[in-house]
Amino acid sequence: MQDHTQTNRLELLAPAKNLAYGIEAINHGADAVYMGGPAFGARSAAGNTLEDIEALARHAHRFGAQLFIAFNTLLHDHELEQAQRLAHQIYEAGADALIVQDMGLLALDLPPIALHASTQTDNRTPEKVKFLQDVGFSQVVLARELSLEQIRAISAQTNVQLEFFIHGALCVSYSGQCNISYARTGRSANRGECAQLCRLPCSLQKPDGEVLVADSHLLSLKDMDQSANLEALIEAGIRSFKIEGRLKGLDYVKNVTAWYRQRLDAILDKRPDLVAASAGRCTYSFEPDPKKSFNRGSTDYFLHERKADIGSPRSPKYLGEPLGKVTRLTREGIEIDGHQVTLNNGDGLGFFKPNDELVGMRLNKVEGKQLLLSEPVPGLKLGTTIYRNHDSALSKLLSTASAERRIRVDLRLSECEQGLRLDLADEQGISASVTLACDKQPADNPARALQQARDQIGKLGNTLFVARQIELVLTTPLFIAASMLNGLRRDGIAALEAARLAACRRPERRIALRDVAYPQHRLSYLGNVLNGAAEQFFREHGVARIAPAYEANKEEGEVVLMITKHCIRYSQNLCHKQVPGLKPEPLELKMGKDLFRLRFDCNRCEMQVMGSLKR
């Protein structure tokens, strides 16, 4: 099949906790925003009303941007009717797509809204992605663990739009393949309630109890950052670039969205074969820098195959940028060696105690080399590395209106039979025209008249638009009152906005093909089939044996609770492929009072965390 160079639109997809965050994501350059609806989103703490969905869709559509609603939890049978009704309400509110995990939804009477396959559907192979394409999904969110080679293979064998996470927190498990939260707490990650046990400290030990690594965050990963790999991802076939973070703060949304908008715009400027998926260019009152927003360190994960430094074992919290080491301690504060960044009163600092406990503190005042702290901090010693985890100056900038997004427009003022005509055409080729009935009175001062006409027509400051080119086509300079020119301009802008809204078309549902076979004939509990509609869907697509999802509480004894490409043997230099002659030994993870056996699939280079349901 053809790869995705047939589509030339690049989409920057940003997260939104709520309406206000979504508006700022659009204003800071997002081509699309994803947010939760009133129910059934994989972040149960980030739901939104239908009224807010409608308001955000309206704002997005002004720029030709889109709004996707996360509808990506597993559903119980008794929830299907509500889900069907809510899907229609979301469509009527103006949303452009539903992000879906539960295949039971496809057996319901859904509105003609586009469907995107959530990363929770475990999209790792060309066969799986092609199946999703053929049953009606128009966009598929690929697994974060894929390499460029794997993405290229999927792209070459499908014609669906491919979406990939480029920034933010990483789940240590393949998405949709983690049941450890439900097994130990009853909170299902597949139903938006993950307890994030993977971020807790644990110990690595042998079955005889010998501890190899004590109280370390062995399953906690660094955060994704694909800033350096955007062009490689484009060449591999990615067209939607997704930022994680529906529970992150507004400063994160603004800063990270702006950062990637600048990176993608730089690519677009040198690649005439590619275009942005929406209209408008942004200017910012700050210098975007993702290192200044919450992160656990950065990794490009497995994009360039396996690396040893993807974990964040010391802490799952935000360390910030390293400043230097403590060279002097006083009663009021500290001095640190030659840091290169400007510090400000109110900055947040942090350091690790000898026991690896991360401690935070507030910088009260900067006096020369001395950093005065708000209060004494026990455990602070000479030689301790200090990090800055809150830049108060940047935070202040981001707390105000920090971006302007304007659509470039060409304006042409000419004469017509009634008087004057103003033609407007924006950067996407959408156009409008308005006329003004007036006398064509030659100007006494031709040069001043032309300049006034140009100035008044180009005053677009309080609109969505900025003038790219102004053309005056007049047989002779005319005397036209400024008020008349202003009225003509206002009418023209209103007409262009109306034309843009009229041209805005929501994507249609992809037509599903008949007789599409699922790549497997058997589904275990890891197939996440929790309701009768999902079971019906898979049976219609050739799956003969279907076990209920883990949340059905049917699995007895020890089973696979997590499948991950992150290998603790590899990260601890205990892999026999790394160390010739090393004999692999059985390993266990102890997390509080819970013990999990580790199983290693060395052919696939994957690790499985084994455990049982805590009833």
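Note that the structure is predicted; figures quoted are calculated from it, not measured. (Residues numbered from 1 in each chain as written. Predicted model: local features only at pLDDT ≥ 70, side-chain atom pairs only at ≥ 80, totals over all residues. Heavy atoms only, no water.)

Novice: Can you tell me about the environment of Met-591, naming the residues and giving the values?
Specialist: With respect to the helices, strands and loops of the structure, Met-591 is situated in strand E28 (residues 587-591). In sequence terms Met-591 and Gly-350 are 241 residues apart; their C-alpha atoms lie 26 Å from each other. The contacts of Met-591, once residues within four sequence positions are left out, are Leu-197, Leu-200, Pro-201, Cys-202, Leu-219 and Phe-596. (Helix = DSSP H or I, 4+ residues; strand = E, 2+ residues; numbered from the N terminus. Contact = heavy atoms within 4.5 Å.)

Novice: Help me get a handle on the layout of surface pockets, residues and values and all.
Specialist: The volume enclosed by the largest pocket comes to roughly 910 Å³. In this structure, the largest pocket is lined by 43 residues; those nearest its centre are Ala-42, Arg-43, Cys-171, Cys-194 and Gln-196. Classifying every residue of the lining of the largest pocket by side-chain character gives 20 nonpolar, 13 polar and ten charged. Looking at the second largest pocket, its volume works out to about 770 Å³. Along the wall of the second largest pocket there are 32 residues; nearest its centre are Asp-122, Arg-124, Gln-177, Tyr-518 and Gln-520. Those elements that provide at least two residues to the lining of the second largest pocket are helix H4 (126-134), strand E25 (522-523), helix H12 (532-540) and strand E30 (606-611). Broken down by element, the lining of the second largest pocket gets its largest block of residues, four residues, from H4. (1 Å grid on protein atoms, 1.4 Å probe; cavity = no way out; pocket = protein on both sides within 12 Å on 5 of 7 lines; lining within 4 Å. Points joined across faces, edges and corners; volume = space filled by probe spheres on them. Nonpolar A, V, L, I, M, F, W, Y, C, P; charged D, E, K, R; others polar.)

Novice: Can you lay out the sheet that holds strand E9 (residues 211-216) for me, pointing to particular residues and giving the numbers?
Specialist: Think of a sheet as strands paired side by side through backbone hydrogen bonds, with each pair either parallel or antiparallel. Within the open sheet, the six strands sit side by side as E9-E8-E28-E29-E30-E27. Their pairing is antiparallel. Here the strands that pair on one side only, and so sit at the sheet edges, are E9 and strand E27 (559-564). When the angles between neighbouring strand axes are averaged without regard to direction, this sheet yields 25°. When strand E8 (residues 202-205) meets E9, the two strands line up antiparallel, connected through three bridges. When the bridges of E9 are listed, Cys-202 appears paired with Ser-216. (Pairing = 2+ DSSP bridges. Axes fitted to C-alpha atoms, helices over the stretch in contact; angles between N-to-C directions.)

Novice: Give a detailed account of the sheet that holds strand E15 (residues 321-329), specifying residues and quantitative values.
Specialist: The six strands lie next to each other as E15-E16-E19-E18-E17-E20, forming a closed barrel whose pairing is antiparallel. Each neighbouring strand pair of the sheet contributes to a mean axis angle of 50°, computed without reference to strand direction. Sheet topology places strand E17 (residues 348-352) next to strand E20 (residues 385-390); three bridges connect them, and they run antiparallel. What sits directly across from Gly-348, in E20, is His-390.

Novice: Could you give me a rundown of the UniProt feature "domain: Peptidase U32 collagenase" (unreviewed entry) in the chain, with the residues and numbers involved?
Specialist: As recorded in UniProt, the feature "domain: Peptidase U32 collagenase" (unreviewed entry) lies at residues 386-501. Secondary structure over residues 386-501 splits into 34% helix and 36% strand, and the C-alpha atoms at its two ends are 52 Å apart. (UniProt positions renumbered as here; feature names shortened; annotations may be inferred.)

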